[in-house]
Amino acid sequence: MTNRITSLFGIDIPLVQGGMVWCSGWKLASAVSNAGGLGLIGAGSMHPETFKEHIQKTKLATSKPFGVNVPLLYPEMDKIMNIIIDEKVKIVFTSAGSPKKWTPFLKEHGITVVHVVSSAFFAKKCEDAGVDAIVAEGFEAGGHNGREETTTMALIPSVRKATSLPVIAAGGIGSGRSMLAAMVLGADGVQMGTRFAVSEESSAHIDFKKSVVELGEGGTKLALKKLAPTRLIKNQFFEQVNDAECRGASPKEMRDLLGKGRAKKGMFDGNLEEGELEIGQISALISKIQSVEEIVKEIKTEYKEALSGLDKFKI
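Residues numbered from 1 in each chain as written. Predicted model: local features only at pLDDT ≥ 70, side-chain atom pairs only at ≥ 80, totals over all residues. Heavy atoms only, no water.

A.B. asks: Is there a simple way to explain the packing of helix H11 (residues 236-246) against helix H12 (residues 251-258) in this structure?
C.D. replies: In helix packing, the relevant descriptors are the interaxial angle and the interaxial distance, both defined with respect to the helix axes. In contact at an axis separation of 11 Å, H11 and H12 are set at 170° when each is read in the N-to-C sense. Classified by the interaxial angle, the pair formed by H11 and H12 is roughly antiparallel. Each of Phe237, Gln240, Val241, Ala244 and Glu245 in H11 lies in contact with H12, whose residues at this interface are Met254, Leu257 and Leu258. Taken together, the residues that form the contact of H11 with H12 break down as six nonpolar, one polar and one charged. (Axes fitted to C-alpha atoms, helices over the stretch in contact; angles between N-to-C directions. Helix = DSSP H or I, 4+ residues; strand = E, 2+ residues; numbered from the N terminus. Parallel < 35°, antiparallel > 145°, perpendicular 65-115°, else oblique. Contact = heavy atoms within 4.5 Å. Nonpolar A, V, L, I, M, F, W, Y, C, P; charged D, E, K, R; others polar.)

In structure tokens form, the structure reads like this:
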């Protein structure tokens, strides 16, 4: 396939791997890029020197295009941006903040910039800021979510109407069929997080991966709404959060309950009860841990089969 997303990034298929904290290291990013998609290193859980190391290892592991995902609320943003420039990273996805400050800086260095949004309103803001493409992420997604709680099926047509920029759909997408559905709704490509979070190459703990493939329908829920809405697996920590929210706990109480390193404890260290386990609703449809190569091959096959079957829907 050749379209605006494959042309923008120089990739074979319009498939982006989400830059997830504690999951998206160099092994995952390079594997996705080698399979024909766009792999992303997730900077959100990395110290600057660790981030630099993962970029360098990715360069050694693939000759294909790759990028990085940078939450703009990162406390050492100057260091992260300098590393991106020094290491000549060509593609940067930004999230969790306004793209206004850093987009001009990155564009001045010839970098392709993509920003993640959860509403058509912010999609327009991104276009004004000069980004090259937008990730429109629906309420089904794992991890941090938009306060609007708009589902992907409602969000993509709305964003498509609001902007002329290339749109990458995210949230609840984990198969070739859902990829095609997102593109019918107006997306130019898709971003998948959860499907790759439980891949063999993901840096997440094996116990976390096993817990995800064992989840059924309704195994996740949005929580931490007074801080930053986050979709979590229902475990002991989630129940504590849920109880606190039900009794009207203040944002300070919620921050104290969250503490520091809670996501690392769960997803990276494998503490399935006390850790913050971020994952998307699509987890209910994932039944096994696979290699990235197998995942991408399945997605391509499903996409082609779904596309060839559209004739039966003609009116």
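A.B. asks: Could you clarify how one ought to interpret the sheet that holds strand S3 (residues 66-71) in this entry?
C.D. replies: Note: strands within a sheet are paired through backbone hydrogen bonds, in either parallel or antiparallel orientation. Taken in spatial order, the eight strands of this open sheet run S1-S9-S8-S6-S5-S4-S3-S2, and their pairing is parallel. The sheet is open, and its two borders are formed by strand S1 (15-17) and strand S2 (39-42), each paired with just one other strand. The mean inter-strand angle of the sheet, taken between neighbouring strand axes irrespective of direction, is 25°. Sheet topology places strand S6 (residues 133-137) next to strand S8 (residues 167-170); four bridges connect them, and they run parallel. Looking at the pairing, Glu137 lines up with Ala170 of S8. (Pairing = 2+ DSSP bridges.)

A.B. asks: Before we go on, may I ask you to explain the pairing of S2 in this structure?
C.D. replies: Walk down a regular strand and you will see the side chains alternate between the two sheet faces. Along S2, one buried face is formed by Gly39 and Ile41 and the opposite face, lined by Leu40 and Gly42, is buried too. For S2 and S3, the ladder comprises four bridges, and the chain directions are parallel. What sits directly across from Leu40, in S3, is Gly67. Note that the unit made of S2, helix H3 (residues 48-61) and S3 has a crossover that is right-handed. (Buried < 20%, exposed > 50% of the residue type's maximum accessible area, 1.4 Å probe, protein only. Right-handed = clockwise from strand over helix to strand, strands pointing away.)

A.B. asks: Just to check I follow, could you spell out the nonpolar core for this structure?
C.D. replies: Grouped burial of nonpolar side chains is what soluble globular proteins tend to show. Phe51, Val68, Ile84, Phe196 and Phe208 are the most contacted members of the largest nonpolar core, which has 71 residues in total. It is helix H14 (residues 292-308) that provides the largest number of residues to this core, a total of six residues. Ignoring anything within four residues of it in the chain, the contact list for Phe208 reads Cys23, Ile233, Gly266, Met267, Leu272, Leu277, Glu278 and Ile279. Ranked by size, the runner-up nonpolar core spans 14 residues in total, among them Val16, Ile91, Phe93 and Val135. (Core = buried A, V, L, I, M, F, W, Y, C linked by side-chain atoms within 4.5 Å.)

A.B. asks: Could you clarify how one ought to interpret H11 in this entry?
C.D. replies: One turn of an α-helix holds 3.6 residues; hence residues three or four places apart share an orientation. Along H11, the residues that are buried comprise Phe237, Phe238, Val241 and Ala244. Take H11 and look down its axis: the buried residues cluster within an arc of 130°, on one side only. Contacts from the buried residues of H11 go to strand S10 (220-223), strand S11 (230-233), H12 and helix H13 (262-268). One side-chain oxygen at the N-terminal end of H11 lies 3.3 Å from the backbone nitrogen of Phe237; it belongs to Asn235. (Arc of directions from axis to C-beta. Polar contact = N/O pair within 3.5 Å; in protein donor to acceptor, adjacent residues only side chain to side chain.)

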